[in-house]
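# Architecture at a glance
Residue-level listing of the chains:
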Amino acid sequence: MSHIDVARLRSRLLAPAGPYAAIDVVARTGSTNTDLRAAVAEGAPDRTVLIAEEQTSGAGRRGRTWTSPPGRGVYLSVLLRPAEVPLPALGSLAAVAGLALTDMAAELGVDAVLKWPNDVLAGPEREKCAGVLAEAASSDEQAVVCGIGVNVLPLREPVRPGPGGLPATSLAEQGARTTDPTEVAALLLAAFHEREVPWRGARGDLAAAGLLDTYRERCATLGRDVRLEVAGGRSRTGRVVDIDPTCALVVDEDGGRRSTVFAADVVHLRPAAG
């Protein structure tokens with residue numbers, strides 16, 4: 001895979017012609033999310049982007065790592081300062097990033113769906129192609145960093161499947177029309193901006209932003225029987241019957257109880273044979 005061309009990205013997406021205040025590319029770092037969380041305290045502006053060609057400590061949910069080898073993917077983070085979005089609504093930014101990823105996949109001719117809360121699955125076998133991690137950042141002014149990792153080319157080394165045993169795939173393996181990482185990054189950042197603007201204007205309410213119905217349409221978790229694995233608790237099973245405007249799952253659990261789930265690992269259960 002060729003190197004990411006920061007000059008091309010800036011010419012298309014950097015202010016004043018584009019929506020982003022700063023775009024930088026580094027060859028290698030621990031984690032772009034960690035770097036931008038540190039940049040918050042240093043006064044980095046709203047809509048700052050950092051892209052790495054390799055991450056040595058890429059972060060996933062619940063302390064997991066995201067495999068980010070050199071030359072295989074696009075690994076980026078966006079720093080936002082959405083003062084108008086209440087703190088409890090910041091969590092719905094992961095849904096915004098998920099929609100942007102599926103928009104990008106469609107532009108590349110790749111069939112992709114969302115797996116709640118933060119995965120993108122691609123191809124007929126619904127293998128993991130991308131992930132999202134949104135983290136609030138400590139600051140006098142409200143800030144959030146949204147990290148996105150996309151597998152562009154096949155990974156050279158086997159990756160241990162995450163919850164649910166989902167194997168990894170890549171845009172290339174699913175027939176993307178291009179694997180140029182600069183183009184992939186440009187499409188993703190443009191799509192993220194198009195989704196983030198109404199989200200911010202609606203104060204983080206996905207329904208008011210006109211994003212909730214699209215998320216429901218693209219979310220393969222909706223309508224599925226699932227196992228919910230909550231940190232420090234026992235797993236529970238049930239059927240996902242809705243997704244609310246904060247992007248929480250509404251689940252009819254076994255035993256007849258309905259619950260709202262804000263955070264959990266979700267395992268899609270296979271339908272019973274017969």
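Note that the structure is predicted; figures quoted are calculated from it, not measured.

The subject of this paragraph is the sheet that holds strand 12 (residues 265-268). The 5 strands are arranged 11-10-9-8-12 in an open sheet whose pairing can be described as antiparallel. Edge strands, defined here as strands with exactly one partner in the open sheet, are strand 11 (258-261) and strand 12. Each adjacent strand pair in this sheet contributes to an overall mean axis angle of 45 degrees, direction not counted. Alignment of strand 9 (residues 236-243) against strand 10 (residues 249-253), held across 5 bridges, turns out to be antiparallel. Bridge pairing in strand 10 places Arg-239 opposite Asp-252.

Of the two faces of strand 11, the one holding Ser-259 and Val-261 is buried and the one holding Arg-258 and Thr-260 is not buried anywhere. Bridging between strand 10 and strand 11 involves 4 bridges; their strand directions are antiparallel. Paired with Val-251 across the bridge in strand 11 is Ser-259. Counted between consecutive antiparallel strands, the loop separating strand 10 from strand 11 contains 4 residues, among which Gly-255 sits at a positive phi close to 105 degrees.

For the pair helix 3 (residues 93-107) and helix 4 (residues 181-201), the least separation of the axes is 8 Å and the interaxial angle reads 135 degrees. In terms of axis orientation, helix 3 runs oblique to helix 4. Seen from above, helix 3 lies across helix 4 with right-handed handedness. In this structure, helix 3 contributes Leu-93, Val-96, Ala-97, Leu-99, Ala-100, Leu-101, Asp-103, Met-104 and Glu-107 to the contact, and helix 4 contributes Val-184, Leu-187, Leu-188, Ala-191, Phe-192, Arg-195, Glu-196 and Trp-199.

Quick notes on the rules
- Residues numbered from 1 in each chain as written.
- Predicted model: local features only at pLDDT ≥ 70, side-chain atom pairs only at ≥ 80, totals over all residues.
- Heavy atoms only, no water.
- Pairing = 2+ DSSP bridges.
- Helix = DSSP H or I, 4+ residues; strand = E, 2+ residues; numbered from the N terminus.
- Axes fitted to C-alpha atoms, helices over the stretch in contact; angles between N-to-C directions.
- Buried < 20%, exposed > 50% of the residue type's maximum accessible area, 1.4 Å probe, protein only.
- Parallel < 35°, antiparallel > 145°, perpendicular 65-115°, else oblique.
- Left-handed = near helix turned anticlockwise from the far one by under 90°.
- Contact = heavy atoms within 4.5 Å.

Everything listed here is a matter of coordinates, which is why it stays silent on function.
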